[in-house]
Structure formats: structure tokens, C-alpha cells
Amino acid sequence: MWHVHNEYGCHNARCYCDASAEAFRAWLCERYQSLDTLNDAWGTAFWSQRYSDWAQILPPRITSFLTNPAHELDFKRFSSDALVSLYRAERALLGPKPATTNLMAGAHWDMDCWSFAEAVDVVATDHYLIGEHPHEDLAFAADYARSLNGGRPWLLMEHSTSAVNWQGLNLAKDPGELRRNSLAHLARGADAIMFFQWRQSRAGAEKWHSAMLPHAGTDTKIWRETVALGAELKSLRDVSGSTVAADVAILLDHDSVWAQDHPAQPTDRLKPVEVIKEWHAALWRAGITCDIARPEHDLSGYRLVVAPSLYLVSDEGAANLESFVAAGGVALVGPYSGIVDPHDRVRLGGYPGAFRDLLGVSVEEFFPLAEPIALAGGGVGRIWSEQARLTTAKALDTYRDGRPAWTRNEWGGGTAPLPHHPARRPVPDHGQGLRGGGRHPCGAGPSGGRGRPPHPPRRPLLPVRHQPHRRGRRSREGGGTRRSGDGDPHLTPAERLSPLVPLPGGPPAPSEVLEVHR
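Residues numbered from 1 in each chain as written. Predicted model: local features only at pLDDT ≥ 70, side-chain atom pairs only at ≥ 80, totals over all residues. Heavy atoms only, no water.

(A) Examining the pattern of salt bridges more closely. Inspection of the entire model under this criterion finds 21 salt bridges. Between E232 and R179 there is a salt bridge, with the nearest N and O atoms lying 2.7 Å from each other. Remark: R179 occurs in helix α6 (residues 177-187) and E232 occurs in helix α7 (residues 221-235); sequence separation between them is 53 residues. R179 sits in the partly exposed class, given a relative accessible area of 29%. As a salt-bridge pair, E410 and R408 come within 3.3 Å of each other at their nearest N and O atoms. If you follow the salt bridges from partner to partner, you end up with R31, D74, R77 and D255 in one network. (Salt bridge = Lys/Arg side-chain N within 4 Å of Asp/Glu carboxyl O. Helix = DSSP H or I, 4+ residues; strand = E, 2+ residues; numbered from the N terminus. Buried < 20%, exposed > 50% of the residue type's maximum accessible area, 1.4 Å probe, protein only.)

What follows is the structure in C-alpha cells.
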């Protein structure tokens, strides 16, 4: 297995030089075929931006005010495609030998990891602890990497034995944390656990980045824990090749993230990546394993599909979610979703545009919040509210002035609830109604050019103690499954290692699942 390049797009994802401008124009010409089509897609009639010659088009360089959102979105797409093309060119030099590169899934958002996943032989990624809730971020990054690889085992190319050197405050890992983090990745599908770096360098820019062999030598916590981890991984070799079963999928689309990141939005407080990670973290705390999926992926194997922040969605993606719900699934859609098409043009007729019929509501105006607003049921909205009118949906909660704040709509054989305010904790920590396995094997999931192997039927399970260090396994002959209930970081190591027990009464019905979110 060859490791090609290193961390594509890290610190150099986009270039605005004349050579890049020429390549951008060629990319646009292939995409749109004619200037009339491009002008329509970009809405260039606004602000008299219409192009009459391809040579007039430049990368979205610094302007006196706002850039054209569609222009900027296409440049981000082009830049991501250019990185994938670079990988393919470098990889081609190796001939038939297997190859991959490290993606930094969930950390760097300047390239479309779904496209990169189609180009590598196996998905590999880096992960370093960062932020206020680093173990929540670890779980998200690992679930994302597994999903990029179509549910199959993936490779953790880099993480650290202790502190890094590039954050403002570089925290060392507590005793046992190296093991906890490594086995959490293993529990979420990694078949290789690797570190940067082997020997801590004596000089240079990364001399304070931890390593397997630290400056102080072998009589150290880091060395002893690294050696112990190696022995433990050897004892767990039987889980190699097994897969992780998930009944819930979170929808994530890079085009949508890029489009919503444009500064001309109703509020700068509704940040798509933060919202997606918060919703994933809420499910993580409830002990629920999630896949990450593109809106167009096969969703038929899931019981619940969550779209926390899907500002931009294609017609195919919207129809796919409708079909999932019509077939009996449950979809939970966050606010400010379904608003624009793939060219960042507003879907007219009332928000939420692409999901208006599915959700049974029509929103006429957004009301971003400067201060918290109370809900009749006792909840609080902190960032967002809407002036919504019910068409076929029912209100589960309202603002104090009577406007619907949380709605539920029946669609075919399933249900589509919609919160009209983003709760900071959208899935309560007491969400037992969502814990447990599915009624059937999850036989489909994120494809992205990669088929997801079928999982064997599972007994419904309830993690009475979250366990980042161990997994339930089936025999490899049966297509093994890993269980990854690595939730509450406040539990003691002994509590985290407690076994899983059957959930009395079997898995919850979809209507019971909805009650958890109310």
C-alpha cells in the first residue's frame, strides 16, 4: 500500500493565480458548455455581472464588497476537483499498486471527501484532538471516515500519542487516553491505528509534537502506553475486517456547507459544520451509532435519517429523502434546509423549498434571534426562528406567540418532523427511545461509488454503560459487526468497559423515536 502525497488541501486548498484562472475557465466551459447557461446558473443579471466572453471570468478574488455566491461555490468545486485530479496523476505513476492518501475527514472542509473517497483504494484519514469536546469530534471523524469507505474498514493514518504543537494550548493526554482514543477509532471501523510520529524530532517546526518514542526515551508514560497498545491490538486481530452497524444516517453535503459559508446569510451564527457536529454529538451521548451519508445515497437500510443542516440540496437528493420517508422511514430535518438548488438559487414558493411538501409547512420569513425566545413547551430557541404556516403538518410545540416551533408530518408510510429553531441539544441525553439496534439488517448505506457490505441481523442492544474500549463481535464468517457505544466521557474506565445488555421489549417503533426529539 502506497501513501501518496500528504494531507491534500491542508493550508493550500485554493489558488487564485493566472494559471489557476485559466484552469478554472476550462472547468467551467466543460461544466456549462455555453456562457448563456453559466450566466443563468450564476444569476449574473444581478449587479450587471453578465459575461460575454470566457476570458472575462476570473477566480473570486478580493472585491470591494460581496462576491457572487454561485461564482464562489463553483470555484470551491473546481479547487476540490483539481486536488482529486492531482492525486489521480500522482497515483497513476505507481501503476497497479494499491494506494491511498490521508484525508483529514471532519477537520478540513476545503475539499469534497466524497469525491476523494472514490479515487483511493481504501479511505485513510488523520485525526487530532481539538476543541471543547474532543472525544465527540473523534467519534464524528471516525464515523465520517467509515462512511466515506462505504461502511468498510478504513485506516487511521495519523493521530498523536499525546500533545501536538500547532494549537494555542497544546494539551498532553492523560494516562490511559492514548488507549481510549485508539480503541475508539477501532470501535468505529478502523483496521489500522497509526501515529505521527515514530521518534520525536530534536529540531525543526514539529519538535514539540509528541511521538511514539519521546525525547525522554523509553522510561516514559508514552512509550509504555504505546507498547501496551501494540500488544492489545495484536490480541484484537479477530475484529479485522468486521464492520460497524448503524441504524441512523446524518446527511452531509460539501456543496451545501460551502454555499452556506458565504457571508451573505440571514445570520452568521448558524454555522453548518457546527450544527452537523452538534447533532451527531447528541446522538453519540445517547449511545447511538451513526453513519454519514450524502443526500443522494441509498438510505433504505436506515430507520432514521437526520438532515441537521442541508441548505443546498439537489432535486435527486430531495426526492431520495421523500422516497425514504414514503417507504416507512423517519426523517428529522433541521432549520434552513432545502432552501437553494445546486447553483445557490433560492427555491421559490415558500421555504423550505425542496422539503416544503415533505415537511408539510410553508415558511414565509426567517427571524434570526438576537436573544433567546421561549417555547410554549418549556424549551428555548437561541439562534433561529421562522414565520411558518402549517399545510399538512401538526405542531408539536409552538413559540409563545403561537407560531409553530416544532412540527411533524406524515408522508406515505413514514414521518418527517421539523424543528423551526435549532436546539443546542437536539437529541436529549436521556434518549433511550433511540438506543438499540434495528428491526432488520442495515443492508444499504453510503455508497459514493463503494458498496456497503450487508450486516447480519442484530439483537436490539442498550448500552447500560458506554464502552469506548470494547466491541460486540460476530464471527467473521457471518460478516462481523462492531459496536461503538463510546459515549459519556465522564464515566469511569470500569463503567465504560461494562457489557451491553438486551433492550427489553425490542427496538422502539418510529413514533416512539419521534417522542425523543420533542
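(B) Molecular detail of the sheet that holds strand β3 (residues 124-126). Pairing in this open sheet of 3 strands is parallel, and the strands run β3-β4-β5 from one edge to the other. This sheet does not close on itself; its edge strands, each paired only once, are β3 and β5 (190-193). Strand-to-strand twist in this sheet, taken as the mean axis angle between neighbours without regard to direction, amounts to 30°. Taken together, the 3 bridges between strand β4 (residues 154-158) and β5 define a ladder with parallel strand orientation. Pairing of L156 across the sheet is with I193, part of β5. (Pairing = 2+ DSSP bridges. Axes fitted to C-alpha atoms, helices over the stretch in contact; angles between N-to-C directions.)

(C) Looking closely at the side chain of E225. Its location among the elements puts E225 in helix α7. Here E225 sits buried without a salt bridge, and the closest side chain of opposite charge, K221, lies 4.6 Å off (N-O distance). (Lys, Arg positive; Asp, Glu negative; His and termini not counted.)

(D) Structural detail: the confidence of the model for the chain. Of all residues in the chain, 81% have pLDDT values of 70 or greater, and the mean over the chain is 84. A low-confidence stretch, residues 423-479 (pLDDT under 50), is modelled with 198 contacts involving residues beyond four sequence positions or located in other chains. In the model, residues 486-518 has pLDDT below 50 throughout and makes 84 contacts with residues more than four positions away in sequence or in other chains. (pLDDT = per-residue confidence, 0-100. Contact = heavy atoms within 4.5 Å.)

(E) Expanded view of the nonpolar core. Counting 53 residues, the largest nonpolar core has Y87, F116, Y144, L148 and L252 as the members making the most contacts within it. Counting 23 residues, the second largest nonpolar core, distinct from the first, contains A249, A293, V325 and L418. (Core = buried A, V, L, I, M, F, W, Y, C linked by side-chain atoms within 4.5 Å.)

(F) Structural detail: the packing of aromatic side chains. Under the definition given, this model contains 23 aromatic pairs. A centroid spacing of 5.7 Å and a plane angle of 70° characterise the contact between W114 and Y144, whose relative ring orientation is edge-to-face. Of this pair, W114 sits in helix α4 (residues 113-119) while Y144 is found in helix α5 (residues 134-148), placing the two residues 30 residues apart along the sequence. Exposure remark for W114: the relative accessible area of 3% places this residue in the buried category. (Phe/Tyr/Trp six-rings, centres within 6.5 Å; stacked < 30°, edge-to-face > 60°.)

(G) Molecular detail of unusual backbone geometry. Put simply, F196 and Q197 share a cis peptide bond, and its omega is 15°. On the secondary structure map, Q197 appears in the loop between β5 and α7. Here Y351 and P352 are connected by a cis peptide whose omega angle stands at 5°. Within the chain, H5 stands out as a residue other than glycine whose phi angle is a positive 60°.

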